[in-house]
Amino acid sequence: SGREHQLCQPEDISSEKDGTPMKAVILRRRKLGRTSAREVSRFAQEAGYNLSEYRNDNPWPADVDVVFRWGTTSHTQGKPLVVNTSDMIHSIADKKSSRLLLANEDMAPTTWVSPEDVPAEALEAPSRGVIVRRASHHQGLYLHHCKTYPELLGACAKYDDFYISDYVPKVAEYRVFVCQGRAVWVAKKTPDNPDAIAWNVARGGRFDNVRWGDWPLHVVEMALSATNLFAVDFAGVDIMVDANDIGYVL
């Protein structure tokens, strides 16, 4: 993207500060990352680190040294080192703008902002159609697969703000976790219903660990490119793969 971002360096987050163990928190918002944040905190505590998980609308310590933002842009108390700034999170949470940016970089399906912009062939091709999503969405909600122009108009009319994407039939979907510019874990999504459009865990699917030797490297590289595009310190990147093994960042 031509943009440079100074990631937190490992020495910035040491285990001790002036001889006192550093205190860190994972700060998350309601209904987001509860299980993951708690598991990360538990693992860190077992390893001897002072890391706890807090919801942003509950009281949390003001004397922390490091705050890991997990999808929240709440004000941080004091002057801790903040991993993932509010600007970073806002840029990703704006699903419409982020999808347009990804599509412009050839990392996401072709995307439009008006039904008048959608070419007829996108709807006429067999087993294709387009996807309409509300500009703000989560957990596979607010999603419509439209195969006719009346369906497209009807879906768009439901929302004040939305975006439209070319429908890509997928054969696999992954979540790649990236931390400080490195891929640290790859999970494959196993849907409850393979014919469903959304394979979210919230819709009945699950994550299955992908062993190190089986990592799809082109998917991992795409995840790294996406995090560089948004300049985030750590993130989970969802990527689907079509029958031709082409990846698309979601």
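Everything numeric here is computed off the predicted structure, so don't read it as measured data. (Residues numbered from 1 in each chain as written. Predicted model: local features only at pLDDT ≥ 70, side-chain atom pairs only at ≥ 80, totals over all residues. Heavy atoms only, no water.)

Draft legend 1. Main features of the nonpolar core. The biggest cluster of nonpolar side chains holds 26 residues, and the ones touching the most others in it are Leu102, Tyr174, Val176, Val186, Ile239 and Val249. Elements with a minimum of two residues in this core: α3 (95-104), β11 (170-179), β12 (182-190), α6 (217-230) and β14 (234-242). Counting residues per element, this core draws most heavily on α6, which supplies seven residues. Ignoring any residue separated from it by four or fewer positions in sequence, one finds Ile239 in contact with Ala172, Glu173, Tyr174, Val219, Met222, Ala223, Gly247, Tyr248 and Val249. Within the second largest apolar cluster, 13 residues are counted, among which are Val132, Cys156, Phe162 and Ile164. (Core = buried A, V, L, I, M, F, W, Y, C linked by side-chain atoms within 4.5 Å. Buried < 20%, exposed > 50% of the residue type's maximum accessible area, 1.4 Å probe, protein only. Helix = DSSP H or I, 4+ residues; strand = E, 2+ residues; numbered from the N terminus. Contact = heavy atoms within 4.5 Å.)

Draft legend 2. Representation of the packing of aromatic side chains in the model. Tallying each qualifying case throughout the model produces five aromatic pairs. Between Phe177 and Trp185, the aromatic rings sit 5.0 Å apart at their centres with planes inclined by 20 degrees, giving stacked as the arrangement. Residue class for Trp185 comes out partly exposed when judged on its relative accessible area of 33%. Arg134 extends its terminal NZ or CZ atom over the ring of Tyr142, reaching a point 3.6 Å from the ring centre. (Phe/Tyr/Trp six-rings, centres within 6.5 Å; stacked < 30°, edge-to-face > 60°. Lys NZ or Arg CZ within 6 Å of the ring centre and 35° of its normal.)

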